[in-house]
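The primary structure of each chain is shown beneath.
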Amino acid sequence: MFTITSYTVELVKDPFKILTGQRYEFLLDIEVEEDDDMYSESGLYIRVIYNVEEDKSGLLKYEVYEKTTQLYLDFELEDDEVVSVAAFCKEHVHEGNE
């Protein structure tokens, strides 16, 4: 498991109105314990695309990156971690409109 230490959220602009709902990009800085397979001395962040529609919202995509190198890491989050990330995004999505 990891801890979210800081984050940013931005509304993804859709000037051509192709996408349904509103999409938000979250960058979640995370802290991972040293004994975790995902651990990196360089630090990690998760890039999340979160969609909000009238009747539903949810996580569309996530990617794990190393902070200093911006290197994409091919890690799948565990089910409880995905649930945690989705809940965090749902709680903070309104901040992308500010």
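Residues numbered from 1 in each chain as written. Predicted model: local features only at pLDDT ≥ 70, side-chain atom pairs only at ≥ 80, totals over all residues. Heavy atoms only, no water.

Enquirer: Could you give an account of the pattern of salt bridges, naming the residues involved and the relevant values?
Expert: Under the defined criterion, the tally for this structure stands at four salt bridges. Residue Asp29 pairs with Lys67 through a salt bridge whose shortest N-O separation is 4.0 Å. Of this pair, Asp29 sits in strand β2 (residues 22-32) while Lys67 sits in the loop between β4 (57-66) and β5 (72-73), and the two are 38 residues apart along the sequence. Looking at Asp29, the relative accessible area reads 21%, which means it is partly exposed. Glu63 is the partner of Arg47 in a salt bridge, and the nearest nitrogen-oxygen pair spans 3.1 Å. You can see Arg47 sitting in strand β3 (residues 44-52) and its partner Glu63 sitting in strand β4, a full 16 residues away along the chain. A cluster of three or more residues bridged by salt bridges with shared partners is formed by Glu25, Arg47, Lys61 and Glu63. (Salt bridge = Lys/Arg side-chain N within 4 Å of Asp/Glu carboxyl O. Helix = DSSP H or I, 4+ residues; strand = E, 2+ residues; numbered from the N terminus. Buried < 20%, exposed > 50% of the residue type's maximum accessible area, 1.4 Å probe, protein only.)

Enquirer: Now, about the pairing of β4: what can you tell me, with residues and values included?
Expert: Here β3 runs beside β4; their pairing, made up of nine bridges, is antiparallel. Directly across from Asn51, in β4, lies its bridge partner Gly58. Between β3 and β4, which pair antiparallel one after the other, the connecting turn spans four residues. As defined by bridge partners, β4 adjoins β5 across two bridges and the pair is classed as antiparallel. Looking at β5, one finds that Tyr65 is bridged to Tyr72. Between β4 and β5, which pair antiparallel in sequence order, lie five residues; one of them, Gln70, sits at a positive phi of approximately 60°. (Pairing = 2+ DSSP bridges.)

Enquirer: Talk me through the nonpolar core; I want residue IDs and the actual numbers.
Expert: In this structure, Phe2, Phe26, Met38, Ile46, Val48, Leu77 and Val85 are the most contacted members of the largest nonpolar core, which totals 20 residues. If you list the elements that add at least two residues to this core, you get β1 (2-12), β2, β3, β4 and α1 (79-92). Tallying contributions element by element places β2 first for this core, with five residues. Leaving out residues up to four positions away in the same chain, Phe26 has contacts with Tyr7, Thr8, Val9, Ile46, Arg47, Val48, Tyr50, Cys89, His92 and Val93. (Core = buried A, V, L, I, M, F, W, Y, C linked by side-chain atoms within 4.5 Å. Contact = heavy atoms within 4.5 Å.)

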